[in-house]
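Fold and contact review
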Amino acid sequence: MPLHLGPFVRWRSGLVLTWICLFSSGSTVIGGEHAATVTHPLPAAFSDLLPHFLLEPDDVYIVKNKPVTLTCRSTPATQIYFKCNSEWVHQDQHLIEHDVDPATGLPVMQVKIDISRQQVEKIFGLEDYWCQCVAWSTTGTQKSQKAYVRIAYLRKNFEEEPLGKEVALDQEVLLRCHPPEGVPPAEVEWQRNEELIDPKTDPNFFITVDHNLIIKQARLADTGNYTCVAKNIVARRKSSSATVIVYVDGGWSEWSKWTPCGADCIMWRSRECTQPTPSTSGKDCQGLDLQSLNCTSEQCPQTASGAEDVALYVGIVAVALCLTLLLIVLVLVYRRKKEGLDADVADSSILTTGFQPMGIKPTKPGVWAPRRAAHSKNSHLLTIQPDLTTTTTSYQGTLRSRHEITGKFSLSNGPLLEPLPNGSHTLHNGKLPSDPNDFMNRLSSQTYFKTLPRDNVNTSYGTFNFLGGRLTLPNTGISLLIPPEAIPRGKIYEIYLTIQKKEDMRLPLAGCQTLLSPVVSCGPPGVVLTRPVILTMDHCSDACLENWAIRLKKQSYEGTWEDVLQLGEEVVSDPYYCQLEAETCRVFTEQLGRFALVGESLSMAAAKRLKLLLFGPAYCSTLEYNIRIYCMDDTQDLLKEVMQMERQMGGRLIDEPHVLLFKDSYHNLRLSIHDMPQAHWRSKLLTSYQEIPFYHIWSGSQQTLHCTFTLERQSLSTCDLTCTLCVWQVEGEGQSFTLDFNISKDIRPLDSDFLLMDNCTPALAGPSAFQIPYLIRQKICSSLDTPCPNGADWRLLAQRLKLDRHMSFFASKASPTSVILDLWETQHFHSGNLNQLAAVMAEIGKQEAMIFLVSDGEC
């Protein structure tokens, strides 16, 4: 019988090779012996068909020690076998069954193999264990998909378990859970008092994509023990129970009516702590539940006073009224002379704080920011100059005043103007507020603000209402974004932003702690905010959080510094949250105050970024030439300070800035100069290098650390200087720079193209402070805040903007979309491209994105 040289299979078992050849009869010969499986020849009509799979093997998991079975079925096929991890499975391990498809009459072959745990463990850790089915016909071969075989498991310990807490009624609650590691990954469900929580039936619960449980508004019925349950095909694990207690603080009822006047000429009234009554460890009402008041002489049951007493009282009252009227007249005269304001206006800066009266046309639509008169030294603070040429202007609506700060920094809600009969208000001409010096001097006179810097270079302030705005300290990387609706409607706040000098603050640093950011103040503290503002500032850490414990510190009213947040351990219900980027820190805060970022190294691998700046004299007429090398934290505010200081000293940059990583190795920083042309230059340094102590750099409290190298040239005609500067940490990393320049011909300005290019306006109020128009922003929020079954909501927006690591924080807010847009505004204020954001919205499938393409004139 002739041999048909069709497809063949090779098995490898030890050193013996066995070949399978297909005879025209369909029988199989293996090593000269017939195999256990004998196939039938294909009908001539189907002899040119390739096999196709009716059933392909699927991924499976081995549970405990139970083997798994892989099955494969193909037609038309003369042979069918498995190979696993590129090795053919021996024929004895195959279970082959034959059948005929009744519809087509084609032969059908099915093969099964069993895979044991031991087989998978042999290659465990090297690669995944996989198997594939190969089928033959007289025409050719076909391969099935790969089926992966994995050992299933579920570890016992949760990576993060929920923690118990006490919360007030209607407060949002976040319970965290990170299930144990497992294959396949564990599914998570939550239980309250051993009963399953189903967010579909109770929408007050929400389970985030990373398995955290959010109680949107805590109810008394939500008090209980909460358990996180993780399960897969292997096991079911329960976390420790977290006890949530929802408490109710007591509240007063209204005061009762006054009692009749008693014999002691005193009347009384009372109230009860019943609205609501305190429960589940809630606080009792604060204050008195009984109040007394002296009766008037007419109400007292005692005998009325004589006529002479009445005459005395009348005389005293008359004198008091006269003195009061005289005092009022004097005050009015003084205020008119002092401020030059019409009696109808308490503070004309209201014109620039979010109200656009009829008849005044700004250069750009939006809410005005504070402006000063043209002769002010701080004209760079101005954004829109109001037209004060009109005599009277009407504004429809309600105005609230910012009373002038006197003995105490306070914000009042009293009416600014007397209403006219038709409900409008009249604004008369008047002088604009005094310059920023007056504002800062008033602040600095208060107890809490005595440490505020009195210079205006590092301070910005503006007046804002519910439309929000932005304060920026140019060229420092520091800004404060006040989102829309962060300030309650009807309120107007005068807010400031300033940098504190580190040497004046003296933060208490211990052990391996170091200051990583500037000390920034924003205020006034204590103002009511309904949404978090975003404070942006630079930091100088290497951003490797596994090497750091980074904390946000805030100064209390008493002057002590407190830890309010540790990065990586944020609780979304707290009033603070932080996003750490490569060089920038963005702090979400619902409370204004004084902040700083402090890091504590967890290993000697923790490193700070240092910026090295090289300066020389702009003009040198002597034989000596000084090179000053600054080693400072890599933050923009320090760069600005050094540049301003060198400008005053007559210095100029002689090389571009360099960045050096400085590790927590307790080793000092060394600097040296080499390779000078000895015939023309020499160093007057007595030692081979200079050294800056480790703690002077690591503490971060000394801002302008520098070394000076004094060089001497042989003659005044020598102007070309070539040398090598080396900067390195002892037993650590270092850098070397080659300097080659002419000390007399180099006329590069101090402010190079890559430095101090931030010319933004320090104060912007209202829509002009934002890239996204206010109405479009509202439409986006209303469209994306509602969860969609297909995921086309705020979660997809966060993913597209690469902000998905903050999902829990966004989910904890009433409007997650608005917080995402706030963060986008801070990241893209200078380089924001609305078309890019519109493209993201188009990807999500929201038609609102097309509105971005409308021109400015149409908005």
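Before reading further, recall that the structure is shown in the block above.
Because the structure is a prediction, the values reported are computed rather than measured.

**Some details on the packing of helix α7 (residues 774-784) against helix α10 (residues 816-827)**
Running from N to C, α7 and α10 cross one another at 135°; their axes reach a closest spacing of 8 Å. Overall, the two elements α7 and α10 adopt an arrangement that is oblique. Where α7 crosses over α10, the handedness of that crossing is right-handed. Side by side, α7 and α10 meet where Arg-777, Ile-780, Cys-781 and Leu-784 of the first sit next to Thr-817, Ser-818, Leu-821 and Asp-822 of the second. Class assignment of the residues belonging to the contact of α7 with α10 gives a composition of four nonpolar, two polar and two charged.

**Considering the pattern of salt bridges**
Taken as a whole, this structure holds 27 salt bridges when the rule is applied. We note a salt bridge from Lys-813 to Glu-590, for which the minimum N-O separation is 3.6 Å. Remark: Glu-590 occurs in the loop between β40 (584-589) and β41 (593-601) and Lys-813 occurs in the loop between α9 (807-811) and α10; sequence separation between them is 223 residues. The class of Lys-813 is buried, set by a relative accessible area of 16%. Looking at Glu-590, the relative accessible area reads 30%, which means it is partly exposed. A salt bridge links Asp-822 to Arg-777; the nearest nitrogen and oxygen atoms lie 2.3 Å apart.

**Here we look at the state of the cysteines**
Applying the stated criterion across every chain yields a total of five disulfides. A sulfur-sulfur separation of 2.0 Å characterises the disulfide bridge that pairs Cys-261 with Cys-295. When the S-S torsion is 120°, as for the bridge of Cys-261 with Cys-295, the disulfide is right-handed. Taken together, the residues Cys-261 in the loop between β25 (242-247) and β26 (266-270) and Cys-295 in the loop between β27 (290-294) and α2 (307-339) connect sequence positions 34 residues apart. Paired by a disulfide, Cys-273 and Cys-285 hold their sulfur atoms 2.0 Å apart. Across the disulfide from Cys-273 to Cys-285, rotation about the S-S bond amounts to roughly 80°, and the bridge is consequently right-handed. Of this pair, Cys-273 sits in the loop between β26 and β27 while Cys-285 is found in the loop between β26 and β27, placing the two residues 12 residues apart along the sequence.

**Some details on the packing of aromatic side chains**
Taken as a whole and assessed by the stated rule, the structure comprises 17 aromatic pairs. Seen from their ring centres, Phe-694 and Trp-698 are 5.7 Å apart, and the 15° between their planes marks the pair as stacked. Within this pair, Phe-694 and its partner Trp-698 are both found in helix α6 (residues 694-698), separated by four residues, close to a single helical turn. As far as the burial class goes, Phe-694 and Trp-698 line up, both buried. Three or more aromatic residues link up through ring pairs in this structure, and these residues are Trp-548, Phe-662, Tyr-666, Phe-694, Tyr-695 and Trp-698. The residue whose ring lies beneath Lys-83 is Trp-88, and the NZ or CZ to ring-centre distance is 5.4 Å. The ring of Trp-252 carries Arg-271 above its face, with NZ or CZ at 3.9 Å from the centroid.

Rules used throughout
Residues numbered from 1 in each chain as written. Predicted model: local features only at pLDDT ≥ 70, side-chain atom pairs only at ≥ 80, totals over all residues. Heavy atoms only, no water. Axes fitted to C-alpha atoms, helices over the stretch in contact; angles between N-to-C directions. Helix = DSSP H or I, 4+ residues; strand = E, 2+ residues; numbered from the N terminus. Parallel < 35°, antiparallel > 145°, perpendicular 65-115°, else oblique. Left-handed = near helix turned anticlockwise from the far one by under 90°. Contact = heavy atoms within 4.5 Å. Nonpolar A, V, L, I, M, F, W, Y, C, P; charged D, E, K, R; others polar. Salt bridge = Lys/Arg side-chain N within 4 Å of Asp/Glu carboxyl O. Buried < 20%, exposed > 50% of the residue type's maximum accessible area, 1.4 Å probe, protein only. Disulfide = S-S within 2.5 Å. Phe/Tyr/Trp six-rings, centres within 6.5 Å; stacked < 30°, edge-to-face > 60°. Lys NZ or Arg CZ within 6 Å of the ring centre and 35° of its normal.

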